[in-house]
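Close look at the chain arrangement
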Amino acid sequence: MTYDIALVPGDGIGPAVVDAALPVLSAAADAHGFDVETTRHDWGTERYLSAGAMMPDDGLDRLADSDAILLGSVGHPEVPDHVTLNGLLLPIRKGFDQTICKRPAVLFDGVRSPLRGYEGGDIDILVFRENTEGEYADVGGREHLGFENEVAVQSAVYTRRSTERIVRAAFEAASERAGHLTNVTKSNAQAHGMVFWDDVVAEVSEEYPDVTVERLLVDAASMDLIRRPDEFDVIVCSNLFGDILTDVGAIVTGSMGLAPSANVDPGRDHPSMFEPVHGSAFDIVGEGVANPLATVLSGSLMFEHLGEEAAASALWDAVAAQLADEGAPRTPDLGGESTTEAVAADLRERL
Ligand code: NAD
Ligand code: IPM
Ligand code: MN
């Protein structure tokens, strides 16, 4: 079996983490009897600066036949983020109907949480973030620019189709895990979209009598992810809330450099996309010390999605074993002094 993986390394540390992770993924594939063929798309802000667009006009068509997409990061200090992200990352999530964003936040053995008293295994959260609409809908506009009566409107959009899809995916995961789902909204202030969301959660919950549902407002949820992260299991939330909560989840479990992400089209009409939660990390770009593990773990989620469970587990377990091994290389975000390449080379050996 050969999988065609489209690579979009992107900007900042994106190319470094994708280049480091790829041989690790290939090693896992080799060991489990399948091949990974890659098609690399050097799209991103360099292309924008030279050719005027982040990707070609037919960019999505070029990705459409791949089995999955592995993305690094998008965003560059010289171009406004809303231009770069709406030119490359967000159109893929939206255009390919990748409604389900799955983001695990796991405290591995050997990793220190900035929170006191948590050991490896104490925190194990799976966030389901709606990924194509909500607060990220490109609906709105600006009028009377520069005048005193200037107005900006940014509307949030919640469709029944996508809301049901993300909520059902979260219930499904919760019923396979500990049977506990936390629904995070802001229904006290946003009486249309968020109350609709709560209604959908209530409807879908009837199909899952084994799952208990806890409701939290997003402000309290942000606090509780720091105060009592061990009590969360599965979280379901809208696009923006999921974005914010998964950075909190990443840092309470040790580092942005460890947090993976899957953007899944539940209909499987389009390729799904796998990427670290982190961004371009301008503060460390070019230093050779970006942590590649978030990308490797995203590769594990990718193999799982492709049905290659054994390779997915092998990757996940190799990362866990490396982190648990005090003598193993680790990048500075985890308190070490090793390079991206040293961490990846150690993982290749473990595989
Ligand atoms: P960031 O995730 O790039 O960085 C936040 C902090 O985490 C920085 O201190 C950085 O050094 C650290 N960090 C991130 N990844 C790391 C890694 N692999 N190893 C070690 N340390 C790591 O967030 P930001 O600074 O808010 O964003 C920078 C740019 O990236 C912006 O343009 C933003 O829009 C973009 N961004 C893109 C994506 C994406 O493409 N998926 C995600 C987030 C941010
Ligand atoms: C993420 C990122 C993106 C998001 C940005 C870069 C648009 O922060 O994947 O978490 O908000 O989804
Ligand atoms: Mn984010």
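Conventions and cut-offs
Residues numbered from 1 in each chain as written. Chains lettered and ligands numbered in written order. Predicted model: local features only at pLDDT ≥ 70, side-chain atom pairs only at ≥ 80, totals over all residues. Heavy atoms only, no water. Near = heavy atom within 4 Å. Polar contact = N/O pair within 3.5 Å; in protein donor to acceptor, adjacent residues only side chain to side chain. Areas by Shrake-Rupley, 256 points an atom, 1.4 Å probe, with all protein chains shown as cover. Salt bridge = Lys/Arg side-chain N within 4 Å of Asp/Glu carboxyl O. Helix = DSSP H or I, 4+ residues; strand = E, 2+ residues; numbered from the N terminus. Expected span 1.5 Å × (residues − 1). Buried < 20%, exposed > 50% of the residue type's maximum accessible area, 1.4 Å probe, protein only. Contact = heavy atoms within 4.5 Å. Pairing = 2+ DSSP bridges. Axes fitted to C-alpha atoms, helices over the stretch in contact; angles between N-to-C directions. Parallel < 35°, antiparallel > 145°, perpendicular 65-115°, else oblique. Left-handed = near helix turned anticlockwise from the far one by under 90°. Nonpolar A, V, L, I, M, F, W, Y, C, P; charged D, E, K, R; others polar. Domains from an automatic or database assignment. Arc of directions from axis to C-beta. Core = buried A, V, L, I, M, F, W, Y, C linked by side-chain atoms within 4.5 Å. Buried area = accessible area lost by both parts, 1.4 Å probe.

**Looking at the site of ligand 1**
- V74, D81, G279, A281 and D283 are the nearest of the 22 residues found near ligand 1.
- Contact distances for ligand 1 include 3.2 Å between a nitrogen atom and a side-chain N or O atom of H278.
- Backbone polar atom of S280 to an oxygen atom of ligand 1: 2.9 Å apart, as the coordinates give it.
- Its free accessible area being 800 Å², ligand 1 has 73% of it covered by the protein chains.

**Observations regarding the pattern of salt bridges**
- Scanning the model with the defined rule gives 21 salt bridges in all.
- Taken together, the shared-partner salt bridges connect E214, D224, R227, R228 and E231 into one network.

**Focus: helix α9 (residues 239-252)**
- Taking 1.5 Å of rise per residue, the 14 residues of α9 would be expected to cover 20 Å, and the 20 Å separating its terminal C-alpha atoms lies within 8% of that figure.
- Listing the buried residues of α9 in full gives N239, F241, G242, L245, T246, V248, G249, A250 and V252.
- Contact partners of the buried residues in α9: β4 (100-106), β5 (124-130), β8 (180-185), α7 (193-205), α8 (218-227) and β10 (234-237).
- Within two residues after α9, G254 carries a phi angle of roughly 120°, on the positive side.

**Structural notes on the pairing of strand β11 (residues 260-264)**
- By the criterion of burial, β11 is predominantly enclosed, with five of the five residues buried.
- Alternating residues of β11 divide into P260, A262 and V264 and S261 and N263, and every residue in both groups is buried.
- Here β4 pairs with β11 via three bridges, running antiparallel. Looking across to β11, one finds that I100 is bridged to V264.

**Structural notes on the packing of helix α10 (residues 293-305) against helix α11 (residues 309-324)**
- Packing of α10 against α11 leaves a shortest axis separation of 7 Å and a crossing angle of 155°. By the angle class used here, α10 and α11 are roughly antiparallel. Here α10 runs over α11; the crossing is left-handed. From α10, L293, V296, L297, G299, S300, L301, F303 and E304 reach across to α11, where they touch E309, A311, A312, L315, W316, V319, Q322 and L323.
- Partitioned by chemical class, the residues of the contact of α10 with α11 number eleven nonpolar, three polar and two charged.

**Concerning the site of ligand 2**
- Residues in contact with ligand 2, as listed here, are L85, R93, R103, R129, Y136, D243 and V277.
- R129 places a side-chain nitrogen or oxygen 2.7 Å from an oxygen atom of ligand 2.
- Alone, ligand 2 offers 320 Å² of accessible surface; in the complex the protein occludes 78% of this.
- Classifying every residue of the shell around ligand 2 gives three nonpolar, no polar and four charged.
- Looking at which domains feed residues into the shell around ligand 2, each of domain 1 (1-101 + 260-351) and domain 2 (124-252) supplies at least three.

**A word on helix α12 (residues 340-350)**
- Listed in full, the buried residues belonging to α12 are T340, V343, A344, D346 and L347. Buried residues of α12, viewed axially, fall in a sector of 160°; they line one side.
- Tucked inside the fold, the buried residues of α12 contact α1 (14-31), α10 and α11.

**Quick word on the nonpolar core**
- Judged by nonpolar contacts, the single largest core of 79 residues is most densely connected at I5, F128, V167, I235 and F303.
- The element best represented in this core is α1, accounting for eight residues.
- The residues that make up this core include at least three from each of domain 1 (1-101 + 260-351) and domain 2 (124-252).
- The residues touching F303, leaving out its near neighbours within four places in the chain, are L25, A28, A29, F34, V36, E308, E309, A311, A312 and L315.

**Section: the domain arrangement of the protein**
- Here the protein is partitioned into domain 1 (1-101 + 260-351) and domain 2 (124-252).
- Between the C-alpha centres of domain 1 and domain 2 the distance comes to 25 Å.
- Opposite the 13 residues of domain 1 that make contact, domain 2 presents 16 residues.
- Overall, the association of domain 1 and domain 2 removes approximately 1200 Å² of surface from exposure, summing both partners, and the carbon and sulfur fraction of that is 52%.
- The three residues of domain 1 that bury the most area against domain 2 are K94, T99 and C101, which together make up 47% of that side's buried surface.
- Where domain 1 touches domain 2, the interface holds two salt bridges.
- Close ionic contact of R161 with D97 constitutes a salt bridge, the shortest N to O distance being 2.6 Å.
- For the pair domain 1 and domain 2, the number of links is six residue pairs in polar contact (both at pLDDT 80 or more).
- If you list the elements that add at least two residues to the side of domain 1 that touches domain 2, you get α5 (89-95) and β4.
- Taken together, the residues of the side of domain 1 that touches domain 2 break down into five nonpolar, four polar and four charged.

**A closer look at unusual backbone geometry**
- Not every positive phi belongs to a glycine, and D97 is a case in point at roughly 55°.
- Positionally, D97 belongs in the loop between α5 and β4.
- Judged by its relative accessible area of 16%, D97 falls in the buried class.
- Here A281, not a glycine, exhibits a phi torsion of approximately 45°, which is positive.
- Within the element layout of this structure, A281 appears in the loop between β12 (272-276) and α10.

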